[in-house]
Amino acid sequence: MAGQPARSSRSEREECERLASFPELNPNPVIETGADGAVTYANPATRRLLPDLDFLGSNHPLLAGVPDLKARLQYGPDDAVIEDVPVGDRCFQRGVSYVPSCDRLRVYAVDVTDRKRAERELQLWGHVLHHAAWGVVVVDPSSNSVLAANPAFAAMHGYAVDEMIGKNLADTLAPESRGDLPAHARLAVERGRHVYESIHIRKDGTRFPALTDVTAHTDAEGNVLYRAANVQDITERNEAEESLRSLNARYEAILAAVPEIVMEVDARKVYVWANRAGYEFFGDDVVGKEAAHYFEGEQETYATVQPLFNGGEQVVYVESWQRRKDGARRLLAWWCRVLKDADGEVTGALSTARDITELKRIEENLHKSEERFRRALENVPDVVVLYDRDRRIQYINDATRQVTGRPTSDFIGHRDDEIWPPEVYGNYLPALEQAFATKTIQSLEATLAIPDSGTRALRITCVPLLDGDGEVREVLGVTHDFTERKEARDALRRRVEEMAVLHEATRRFLELSDEQAILDTLCRFVVEGFWLKMAWTGLIREDDCAVHPAAKAGFEDGFLASVRMTWDETPTGSGPSGRAIRSGTPCVANDLRADSTYGPWRKEAKRRGYASSASVPLVVDGDVLGTLNAYAAEAGRFNGELVRVIASLTNAAAIAVHRARLRRKIERDAEVLGERVAERTRALEETNTELKAFAYTVSHDLRAPLRAMEGLSRALLEDYAEALGETGGDYARRIASAAARMDDLIQDLLEYSRLGRAELDLQPVSLDLVLEDAMEEVAALIAETGADVNVEAPLGEAVGHHATLVQILANLISNAAKFVEPEKTPRVRIGVNRGEHSVRLWVQDNGIGIDEEHFRKVFLVFERLHGVETYQGTGIGLAIVRRGAERMGGRAGVESAVGRGSRFWVELPKVKEE
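Analysis parameters
Residues numbered from 1 in each chain as written. Predicted model: local features only at pLDDT ≥ 70, side-chain atom pairs only at ≥ 80, totals over all residues. Heavy atoms only, no water. Helix = DSSP H or I, 4+ residues; strand = E, 2+ residues; numbered from the N terminus. Buried < 20%, exposed > 50% of the residue type's maximum accessible area, 1.4 Å probe, protein only. Areas by Shrake-Rupley, 256 points an atom, 1.4 Å probe, with all protein chains shown as cover. Pairing = 2+ DSSP bridges. Axes fitted to C-alpha atoms, helices over the stretch in contact; angles between N-to-C directions. Contact = heavy atoms within 4.5 Å. Core = buried A, V, L, I, M, F, W, Y, C linked by side-chain atoms within 4.5 Å. Left-handed = near helix turned anticlockwise from the far one by under 90°. Nonpolar A, V, L, I, M, F, W, Y, C, P; charged D, E, K, R; others polar. Phe/Tyr/Trp six-rings, centres within 6.5 Å; stacked < 30°, edge-to-face > 60°. Lys NZ or Arg CZ within 6 Å of the ring centre and 35° of its normal.

Colleague: What is the right way to read the overall build of the protein chain from this model?
Modeller: Across its full length, the protein chain carries 27 helices and 32 strands. By the burial criterion, 45% of the 914 residues in the protein chain qualify as buried. Counting every atom, the protein chain has about 47300 Å² of accessible surface; 51% of that belongs to carbon and sulfur.

Structure below.
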């Protein structure tokens, strides 16, 4: 070959032996045929892997269509035709090339059965995920980005699947749920599986609640590889699509035929010959170099071929990383065969190699993908069953075992008619047969009586899985149980009908202010709305135990005048009306002829055609006003549903009656109340005048002696310290300190008193400006304690009073800086949390903390948890915080633990948006 180094001379016999040994040592089938397809040569691997070639010859499946390729290959003898060929239960990748010199066709074959099986299984898991009813998402644990998502997950959020890939999972959550995402992820890792509910947000901004079942998948060392989650929109639970999105395209790889490398080394392990593939891989200068030069870092692997050169082995197989001429490291699979001369002496070795780097990577990715889909499939709540061409079950998921309560062995290898009775499998068998016959997805809904599970409403989907030839290889059955949703839908329909009646009746009750009109309307709605015979209302009084008729509707015909009903323990009080009044709950007599308690009224009821009755008490705030009594012409008419609806009507009427009575009472009491209000107003004005006078006295007259005591004490210390001595000086300092504390206490009491009297003009206030003013007030204390104050700005706005908020915030910051263990730097954080209707301003410290049993106590006046000699203060600061918050329409509280700091907060109304 031009451009290659000259060969060393050798005999013609050795040359022929070397060339003949190449196909002989190849581990894959190598076959040569004549132009008519007749086999002229087959290497040992062919005879080992395809023993039937000897008697099938050109009729062998591997050689199908080979002669037809001659004309095509004659115009490009250096090219090859590569294709997949099935041979029995195996699959080979066949390469056919033409050898012009001898007018022969050469066939190379590589067994790719395992790869095809892996691709088929991967396709299976992709089909399962694509047709799952729940949303499925796979998340990267480090970046929280979406690695994969099925159509159900993307659709429920209003996105296309491609838009979801790479998206941060937190972006699919409403703001109030995003903060909980790290905690849920941590629980999934700790528990292996974690189920929680959260609020999600769609692309168009609409929100919906979702149930998330997340599983953390780890490697052998416990490192989290990814998180897989099933997500269900529980706003319309069970209406999601019953399919899982196939991720097959992302993880599928196709192995390509790679020309094999052929290299020869001499006894010194120096390359003396290489074919074209060898030169292309190692470079034009490979001949003449020692093989060890290319086994960089692979010394141990290189040593495994030494037995060849010792004459102890004939063929050795090794896998080794090799450096390609462009610098890339590639994994090569080597088959090495010893070469000997006529005397049996080792002259070198002939090696063939093929690049299996991509094959290894593809196999590893396919394995990981299959494992990932298997794990995801096991978490799908729907029943998943895989059928082969004979309709025998090949796979079931964990949900199948849980729903049926039967082991895997009851399903695998069996047909449905061997598992279920005809009344069960006969309902869905036609859909399964149609999926096989038409190659299309078949769906149906059926209500089946499942043994040990009762009657269930099921949606069954049969998905055909096709092979490379477009034939149905298997069918995937996905069964979704929507019994609860169907029952809820039926109940909702009934409820809508009931609500229509309730709405109209309630509307009429709201329009009426007269008690008699309300009771008349109630009786009319019950009779006309539910096709009853008669209804009447009876009221009770405190002066007797009788039930006094107040209103009626329907066919009464003197019934109320001919009977007497009470609510005591006498026979006339033992019927449904009496029991309903005493118990405060509905009572039913569904067969008046057989009900022993209905004796006193049976004759009159029968004469008017009443067969059943129900009594529902009119109750308001636990007080029974009377009862509604309804009668039907047929027995058993008053089932639980009807009684519940009538009770709803009765409750609405009872409230309307109570409202009418209250209106009458309010009108009667209005004049008396006006006089009492005026009298109390005058008393309050007098009390406020006295409080103002007291505050003035405390502020001026009481504080003056205290200032004098403090001033004189300090004068004694400055002018007569020597005469006073150590004990006298200590007494003087104590007097000054006590006077100062008393003055602070009086000042705080005045502030507390002013908060109770002052008129506060509440309006939108900038919390950032409030913080600036508060920090000016406590600047000296911050400098003295060296406190580190950190603000999560901006704080925004809230409804309040600026000056009061400055006082509250200054008190909280002062406490945070003071109540810290000695020698510990105070660290203060200030921030806000925003709710739907409120703003919570909080101040957090690293101080001594508070036991939970003292949370309420610390906000009371003069309540201290520590002596003044330990921590300074009057015990009124937090009381001012609480009163100020309440005066602004808010509230105050604390979150704390002993030794772990505290977070004090003030909750204020939120500024309404225009």
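Colleague: Can you help me understand the sheet that holds strand β21 (residues 534–539) in this one?
Modeller: Strand pairing in a sheet takes place through backbone hydrogen bonds and is either antiparallel or parallel in direction. One open sheet accounts for 5 strands, arranged β22-β21-β25-β24-β23; its pairing is antiparallel. Both outer strands of the open sheet, β22 (548–554) and β23 (587–589), are each paired with one neighbouring strand and no more. The sheet shows a mean angle of 15 degrees between the axes of neighbouring strands, taken without regard to direction. The pairing of strand β24 (residues 612–620) with strand β25 (residues 623–632) spans 9 bridges and is antiparallel. When the bridges of β25 are listed, V616 appears paired with L628. Lying on the sheet, helix α18 (residues 515–530) is in contact with β21, β22, β24 and β25; it crosses β22 at an angle near 40 degrees.

Colleague: Mind showing me how you'd approach the nonpolar core here?
Modeller: Grouped burial of nonpolar side chains is what soluble globular proteins tend to show. Of all hydrophobic cores here, the largest spans 39 residues; its most connected members are L809, L812 and I830. Listed by contribution, the elements that provide at least two residues to this core are α24 (767–777), α25 (779–785), α26 (802–818), β29 (827–834), β30 (838–844), α27 (877–887) and β32 (902–909). Here this core gets 9 residues from one element, more than from any other, and that element is α26. What L809 contacts, discounting residues up to four positions off in sequence, is V770, L771, A774, L841 and V843. Among the nonpolar cores identified, the runner-up in size contains 38 residues, and A505, A630, A647 and A656 belong to it.

Colleague: Just to check I follow, could you spell out unusual backbone geometry for this structure?
Modeller: What is expected of a backbone is that most residues other than glycine have negative phi and most peptide bonds are trans. The omega torsion of the bond from A793 to P794 falls at -5 degrees, within 30 degrees of zero and hence cis. Counting through the fold element by element, P794 comes out in the loop between β27 (788–791) and β28 (797–800). The phi dihedral of W531 is positive, around 55 degrees, even though this residue is not glycine. Residue W531 is classed as exposed on the basis of its relative accessible area, which comes to 77%.

Colleague: I keep staring at the pairing of strand β3 (residues 81–87) and nothing clicks. Help me out?
Modeller: Successive residues of a regular strand alternate their side chains across the two faces of the sheet. Inspection of the sheet shows β3 paired to strand β4 (residues 90–99) by 7 bridges, in the antiparallel sense. Each residue of the ladder has a partner; that of V85, found in β4, is F92. The loop that links β3 with its antiparallel partner β4 comprises 2 residues; one of these, G88, has a positive phi angle of about 65 degrees.

Colleague: Is there a simple way to explain the packing of α26 against α27 in this structure?
Modeller: A pair of packed helices can be characterised by two numbers: the angle between their axes and the separation between those axes. Two elements in contact, α26 and α27, have axes separated by 9 Å at closest approach and are oriented at 145 degrees. Between α26 and α27 lies a crossing whose hand is left-handed. Seen from α26, the contacting residues are T804, Q807, I808, N811, L812 and N815; seen from α27, they are G877, L878, I880, V881, G884 and A885. Looking at the contact of α26 with α27 residue by residue, the classes come out as 6 nonpolar, 6 polar and no charged.

Colleague: Please explain the packing of aromatic side chains as it appears in this structure.
Modeller: Any aromatic ring pair is given by two values, namely how distant the centres are and how the planes are angled relative to each other. Summed over all chains, the structure comprises 8 aromatic pairs. Taking 6.4 Å as the distance between ring centres and 55 degrees as the angle between the ring planes, the aromatic pair formed by F411 and W420 counts as tilted. Plain terms: the ring middles of F559 and Y610 are 5.4 Å apart, the flat faces sit at 80 degrees to each other, and that makes the pair edge-to-face. One end of the pair, F559, is in helix α19 (residues 559–562); the other, Y610, is in the loop between α21 (602–607) and β24, and 51 residues separate them in sequence. Over the face of the ring belonging to F411 we find R406, whose NZ or CZ atom lies 5.8 Å from the ring centre. Across the ring face of W905, the terminal group of R840 is positioned such that the distance to the ring centre comes to 3.7 Å.

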